[in-house]
Amino acid sequence: AAPVKYRGVVNSLQDTFGFIERADVVKEIYFNIIDMQQDGVKEDNSGIQLGDDVEFIIQTRSGKEVASNLTKLPPGTVVFEDIGTEWFRGQVLKPLDRSGKYQQTEALPGKVKYRAADRSEAEIPFGEKDQLGDFTLKHGDWVKFIVATDRRDKLKRATKIELLDESFSVSDERREQGVVQQLKAEGGAGFIKCVDR
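Everything numeric in this text was worked out from a predicted model, so none of it was measured.

What counts as what
- Residues numbered from 1 in each chain as written.
- Predicted model: local features only at pLDDT ≥ 70, side-chain atom pairs only at ≥ 80, totals over all residues.
- Heavy atoms only, no water.
- Salt bridge = Lys/Arg side-chain N within 4 Å of Asp/Glu carboxyl O.
- Helix = DSSP H or I, 4+ residues; strand = E, 2+ residues; numbered from the N terminus.
- Buried < 20%, exposed > 50% of the residue type's maximum accessible area, 1.4 Å probe, protein only.
- Phe/Tyr/Trp six-rings, centres within 6.5 Å; stacked < 30°, edge-to-face > 60°.
- Lys NZ or Arg CZ within 6 Å of the ring centre and 35° of its normal.

Thoughts on the pattern of salt bridges
On inspection of all chains with the given rule, the structure shows 11 salt bridges. Among the ionic pairs, Asp52 bridges to Lys72, the shortest N-O distance being 3.4 Å. Of this pair, Asp52 sits in the loop between β5 (42-44) and β6 (53-61) while Lys72 is found in strand β7 (residues 64-72), placing the two residues 20 residues apart along the sequence. According to the relative accessible area criterion, Asp52 is buried, its value standing at 15%. Taking the relative accessible area as the measure of exposure, Lys72 reaches 45% and is therefore partly exposed. One salt bridge in this structure joins Arg89 and Glu166, with 2.9 Å as the shortest N-O distance. Here the residue Arg89 occupies a position in strand β8 (residues 81-94), and Glu166 occupies one in helix α1 (residues 166-171), the gap between them amounting to 77 residues. Taking the relative accessible area as the measure of exposure, Glu166 reaches 28% and is therefore partly exposed. Overlapping salt bridges, with partners in common, bring together Arg22, Asp24, Lys27 and Glu65 in one network.

Here it is in structure tokens:
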């Protein structure tokens, strides 16, 4: 019988080995760049690059699972999540910490409160790459978003997040972007040149 083939995406590469994020379970698997097969055949994975979609078989060596017989797949072959089409509205419960003061341990540290499809109140996490556009979210901001569902563990997250104008109509707040023009050593003050004025 032919061995079972698995799929994943190369998510880490070192000089002699790498790791693949598996598409079937939320888990990484180790592989060697130059691999000596049990039958003595040498496998050269030096053409594999970070971010490549790959197919592989799993072997057990020294009691550990390793990926071998790697084959590069066309980009976009491996899909980890399904992205919905329905837009939801909600409020930011926990914004992302962009100050760098706290060590981020969660992959999806942000949280949005919203009404789910069944009209119940729900919370959904989001991460650094889930915002559409360059803006800072604050607690209480109104947003719209789409729900993405991981195929492996069914975990849901908010993605394609957009800041809604009603966030500002409530508070009369304005947010701007700018470039630091000058910093003063004494007092820790400085000047920012605003992009819009």
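Regarding the packing of aromatic side chains
Inspection of every chain in the model, using the stated rule, returns seven aromatic pairs. Ring geometry for Phe88 versus Phe145: centroids 5.9 Å apart, planes at 25 degrees, classification stacked. With Phe88 in strand β8 and Phe145 in strand β11 (residues 142-150), the pair connects residues that are 57 residues apart, well separated along the chain. The class for Phe145 is buried, based on a relative accessible area of 0%. Feature note: the residues Phe17, Phe19 and Tyr30 constitute an aromatic cluster, connected by ring pairs. When the ring centre of Tyr6 is taken as reference, the NZ or CZ atom of Arg22 above it lies at 5.4 Å. Above the plane of the ring of Trp87 lies Lys144, whose end atom (NZ or CZ) is 4.6 Å from the centre.

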